[in-house]
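# Understanding the architecture of this molecule
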Amino acid sequence: MSPKFLRIAVVLGLLSAIGPFAIDMYLPALPSIGADLHAGTAAVQMSLLIFFLSMGFGQIVVGPISDMVGRKLPLYGGLALFMVGGIGSAMAPTIEWLIAFRFLQGLGASAGMAVPRAIVRDLHTGNEAAKLMSLLMLVFSVSPILAPLTGSQIIENFGWRAVFWTVTGAAALATILLATSLKETRPAEERVGSSFGTALAGYRFLMGDRNFLGLVAIAGFGIASFFVYLSSSSFILIDHYGLSPSVYSVFFSINAVAFIGMSQLTGVLAERFGLRRVVRVAVTGYASTMVVLFAVMAAGIDRLDVMAALLFVGYGFLGLVIPTTSVLAMEEHGEIAGTASALMGTLHFAIGALAMGVAGVFFDGTPLPMVAGITLCAVISFTLAKVTLGRSHEAVEAPAE
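These figures come from a predicted structure and were not determined experimentally.

Rules of the game
Throughout this document, residue positions are counted from 1 along each chain, in the order its sequence is written. In keeping with the model being predicted, local features are shown solely for residues with a pLDDT of at least 70 and side-chain atom pairs are shown and tallied solely at 80 or more, while totals for entire chains, interfaces and linings include all residues. Water and hydrogen atoms were dropped before computing side-chain values, which therefore reflect all heavy atoms in the structure. Strands here mean DSSP runs of E at least two residues long; helices mean DSSP runs of H or I at least four residues long; both are numbered from the N terminus. When accessible area is computed with a 1.4 Å probe and restricted to protein chains, residues below 20% of their type maximum are described as buried, those above 50% as exposed, and intermediate ones as partly exposed. Working convention for charge: Lys and Arg count positive, Asp and Glu count negative, and His plus the chain ends are omitted. For this analysis, a salt bridge means a side-chain nitrogen from Lys or Arg found within 4 Å of a carboxyl oxygen belonging to Asp or Glu. Definition of nonpolar core: a set of buried residues of the types Ala, Val, Leu, Ile, Met, Phe, Trp, Tyr and Cys, connected through side-chain atoms within 4.5 Å. An automatic or database domain assignment is the source of the domain bounds shown. Throughout, a contact is declared for two residues whenever any of their heavy atoms are within 4.5 Å. You can read pLDDT as the predictor saying how much it trusts each residue, on a scale of 0 to 100. Under this scheme, a helix contributes an axis fitted over its contacting stretch, all axes are lines through C-alpha atoms, and angles between N-to-C directions fall in the 0 to 180 degree range. Any angle that falls under 35 degrees is termed roughly parallel, while one over 145 is termed roughly antiparallel, one within 65 to 115 roughly perpendicular, and all others oblique. Crossings are assigned a handedness: left-handed for a near helix turned anticlockwise from the far helix by less than a right angle, right-handed for a clockwise turn. Here the term charged refers only to Asp, Glu, Lys and Arg, the term nonpolar to Ala, Val, Leu, Ile, Met, Phe, Trp, Tyr, Cys and Pro, and the term polar to all other amino acids, Gly among them.

## Quick notes on the environment of Thr-198
Tracing the chain through its elements places Thr-198 in helix α11 (residues 196-207). Residue classification places Thr-198 among the partly exposed positions, given a relative accessible area of 36%.

This is how it looks when you write it as structure tokens:
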């Protein structure tokens, strides 16, 4: 693996992690934000939900723009908008102002979500793309490991507002890396003919591509299950189980370790078994594990250690699902990679936001509604995989793609 390959993965991973960093780092602060701004749980969760929505739907615009003007300019614009939103969030006097600036911050983060996937497709396809995507996920996944731990320490020592100053500084660092370590991957001659008209035509084409939509939805419901966990875990683990913000951060990070560790096997497993078979087996393992967790919780076994163990196993399987489905979905759409990546990201976040909203309605301070939401998403993802990636596909897929 060449140094250039690794450098690209690191830079793309850091750019992709800016948005999640702004989520994971402030999760331990949700209860204290509510107390400080005199806001209820639903209002505080709205500051998280609105960020997801703007980060998801912003990709619809930024993806086609990256096809038209190149990959780097939209990234610069997104980082600048993210920093403005971060500064505003740090200075927000009320929950309403915090929600407004989180919306702006999410719009900026959308560029970091959509464009790096398009860059991966610009550079590679097949197993090489899977390897780069898994490395990108390695760097990207540092956020859910380090961000809650860092966030809890910052919150305990400096208060929750310092979290937003920190993520603004991270965005400034990402801007420097973008300028110094990443070349433009969509040259001018490849942009000829790209416009909002062609983007709309591309969206119409993709919305009619059942294979693309199926693959996106498989990952979308997998990601949605994690979003349900994100929105409820701090209240359940801190308020219900009595963990401190620091211990909560460690608990949260353990699941990220499982996700990261398994995602690094994507390239090896894809070469041996093929990408489609990896997805099928992984999503089956994930759904089965979550069904077991729900059955245990529904039986009245409200134990943190049991939930921790099964979530660890389940999110390990999920670590194989996300990069493989992303590569498969983008495989045939290199000429409109930015548009395809944008639609993929938007659908992922739309599904995730819907799942978070529904889970919030049933939230009662206990783990069961959260676990039920996670399990439902996992089962839907499994069902979609059975339909989209039936065994008939495996007969025509060579192990080394």
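## Remarks on the side chain of Asp-209
By the secondary structure assignment, Asp-209 is in the loop between α11 and α12 (210-240). For Asp-209, which is buried and forms no salt bridge, the nearest opposite charge comes from Arg-210, at a distance of 8.1 Å.

## Quick look at unusual backbone geometry
Its identity as a non-glycine residue notwithstanding, His-38 has a phi of 55°, on the positive side. Here His-38 lies in the loop between α2 (30-36) and α3 (41-57). Residue classification places His-38 among the exposed residues on the basis of a relative accessible area of 75%.

## Focus: the pattern of salt bridges
In the structure shown here, the tally under the stated rule is 4 salt bridges. Taking the shortest distance from any N to any O, the salt bridge between Asp-36 and Arg-161 comes out at 4.0 Å. Of the two residues, Asp-36 sits in helix α2 while Arg-161 sits in helix α9 (residues 161-181), which places them 125 residues apart along the sequence. You can call Asp-36 partly exposed: its relative accessible area is 41%. Taking the shortest distance from any N to any O, the salt bridge between Arg-71 and Asp-67 comes out at 2.8 Å. Judged by its relative accessible area of 3%, Asp-67 falls in the buried class. Each of Asp-67, Arg-71 and Arg-186 takes part in one network of salt bridges that share partners.

## Details of the nonpolar core
One finds Tyr-229, Met-307 and Ile-374 to be the most contacted residues of the largest nonpolar core, which totals 121 residues. If one sorts the elements of this core by residue count, α12 sits on top with 16 residues. Each of domain 1 (1-193) and domain 2 (194-392) contributes no fewer than three residues to this core. Excluding its chain neighbours within four sequence positions, the residues that come into contact with Tyr-229 are Leu-237, Phe-251, Phe-252, Asn-255, Leu-311, Tyr-315, Met-370 and Ile-374.

## A word on the confidence of the model for the chain
Confidence in the prediction of the chain, expressed as mean pLDDT, is 84, and 92% of residues score 70 or more. Below pLDDT 50 for its whole length, residues 392-401 participates in 24 contacts with residues either more than four positions away or in separate chains.

## Observations concerning the packing of helix α4 (residues 59-69) against helix α17 (residues 337-362)
Packing of α4 against α17 brings their axes to within 7 Å, and their N-to-C directions diverge by 170°. One finds that α4 runs roughly antiparallel with respect to α17. Crossing angle aside, the handedness with which α4 passes α17 is right-handed. Of the residues in α17, those touching α4 at Gln-59, Ile-60, Gly-63, Pro-64, Ser-66 and Asp-67 are Ala-337, Gly-338, Thr-339, Ser-341, Ala-342, Leu-343, Gly-345, Thr-346 and Phe-349. The residue inventory of the contact of α4 with α17, partitioned by class, reads 6 nonpolar, 8 polar and 1 charged.

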